Amino acid sequence: MITVSHLTKRYGAHTAVSDVSFTIEKGKVYGFLGPNGAGKSTTMNIITGCLAATEGEVTIDGHDIFEEPLEAKKRIGYLPEIPPLYTDMTPTEYLRFIARARGFSGAEARKQMNAAMERARITEVKDRLIRNLSKGYRQRVGIAQALIGNPEVIILDEPTAGLDPRQIIEIRELIRELGKNHTVILSSHILSEVSAICDEILILSGGRLVADDTPENLTALFAEQNGIHLTVKGALADVLSALNGLEGVEIADSREEDGRARLTLRAQDADDVCERVFRALAQADLPILEMARERATLEDVFLELIGSDKEEEAVSAEAEEPKEEEAAADGGKEEADQ
């Protein structure tokens, strides 16, 4: 659906995106992760045609975003981190304007507008001024504008930023629904959100792509961090004796408190180890009071992959980006006016 090949973006001596390549398949929800200044928004802006690339190619359903911008952009709905709203309009007026700007008129424009409002669940506020809406509803209006034309790809940059917990849950549910009928690319700083919603995850660090895989496969890369926490009724020496010789089991920590042995075990295949540990302790007549699995989380993977060196990321070119983005937006507006 989307192919990004050797994408690079430079601002003078600073490289915001460096030789990034990946493929977005149809019908999946993708998560874009990375620390501030990693190049997420820059990459999204290039994919949507809002920003020019220094090097590389981007094709949307076979159409080059730089060579065939109109055909490529027809297939994309984009919600920037700051929704492009006219706050002195109502959602109805704003979405009618967006529909017309995208080439719809008359009954078809109304159809597109009403469908987008219904899917974004903003019909009850359609006649209120946007400036009087909560931030959650403003985000929904922004998502509605991305849905005009029913594009195949929906790109959402930090769609839950600044929302309260209830609004975050509502937007997550909306994104899940969108994922049933669209390819969705989601940028977020909330790792639990990405893990819960996304089928695949791309992680950027220092402008480079450092990971591209499913959440399950990424956490499996850190299988050595998987562990088992045990609390056993009995003396620690007896527990250690019962577990001695179990293949694939490493005792990372052990102590005895109030007649109970507490241990942390490390294992490559924790499922198999749990069963063997249970049998070994049962044979030794040592009751297990608690057995809990510990898995590597997406946060563990993220921190390991981005590393601790963020000096380059701290010197972000984002202060320069708006100038080029505004120029691109102005250019797009002139094309629409023509």
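Along each chain, residue indices are assigned from 1 in the same order as the chain's sequence is written. Predicted model: local features are reported for residues with pLDDT of at least 70 only, side-chain atom pairs are reported and counted for 80 or more only, and whole-chain, interface and lining totals are derived from all residues. Excluded from the side-chain calculation are hydrogens and water; included are all heavy atoms of the structure.

A. Expanded view of the packing of aromatic side chains. The rule is short: rings of Phe, Tyr and Trp, with Trp giving its six-membered ring, pair when the centres are within 6.5 Å, and they are stacked under 30 degrees, edge-to-face over 60, tilted in between. Taken as a whole and assessed by the stated rule, the structure comprises 3 aromatic pairs. Among the aromatic residues, those joined into a cluster by ring pairs are Y86, Y94 and F97. Over the ring of Y11 we find K9; its NZ or CZ atom is 5.2 Å from the centre of that ring. Cation placement over rings: the criterion is NZ of Lys or CZ of Arg within 6 Å of the ring centroid and within 35° of the ring normal.

B. The sheet that holds strand β4 (residues 55–60), seen in detail. At least two bridges found by DSSP between two strands is the condition for calling them paired. Strands are runs of DSSP state E lasting at least 2 residues, helices are runs of H or I lasting at least 4, and numbering of each runs from the N terminus. Read from one edge to the other, the open sheet built from 4 strands follows the order β2-β1-β4-β5, with strand pairing classed as antiparallel. Looking along the sheet, the strands with just one partner apiece sit at the ends: β2 (14–24) and β5 (63–64). Judged from the 2 bridges that link them, β4 and β5 form a sheet pairing that is antiparallel. Within the sheet, the bridge partner assigned to I60 lies in β5 and is H63. Its contacts with the sheet place helix α1 (residues 40–47) against β1 (2–11), β2 and β4, and it is angled at close to 120 degrees to β1. Any two residues whose heavy atoms approach within 4.5 Å at even a single point are treated as in contact. The convention used is that axes are lines fitted to C-alpha atoms, helices contributing only their stretch in contact, and that angles between N-to-C directions extend from 0 to 180 degrees.

C. Inspection of the side chain of K9 at higher detail. Looking at where K9 falls in the secondary structure, it is placed in strand β1. Among the polar contacts made by the side chain of K9, one reaches the main-chain carbonyl oxygen of A52 at a distance of 3.1 Å. Two N or O atoms form a polar contact when they lie within 3.5 Å of each other; inside protein one atom must be a possible hydrogen donor and the other a possible acceptor, and for residues adjacent in sequence the pair counts only when both atoms belong to side chains.

D. Looking closely at the pairing of β4. Summarising the sheet, β1 and β4 pair through 5 bridges and their orientation is antiparallel. Within the sheet, the bridge partner assigned to V4 lies in β4 and is V58. Linking two consecutive strands that pair antiparallel, namely β4 and β5, is a turn of 2 residues; a positive phi of about 50 degrees is found at D61 within it.

E. Local environment of the sheet that holds strand β14 (residues 288–294). Pairing in this open sheet of 4 strands is antiparallel, and the strands run β12-β13-β11-β14 from one edge to the other. If you trace the sheet from one side to the other, it starts and ends with β12 (250–257) and β14, each paired once. For this sheet, the mean angle separating the axes of adjacent strands, direction not counted, is 15 degrees. Summarising the sheet, strand β11 (residues 227–233) and β14 pair through 6 bridges and their orientation is antiparallel. Across the sheet, residue L230 finds its bridge partner in β14, namely M291.

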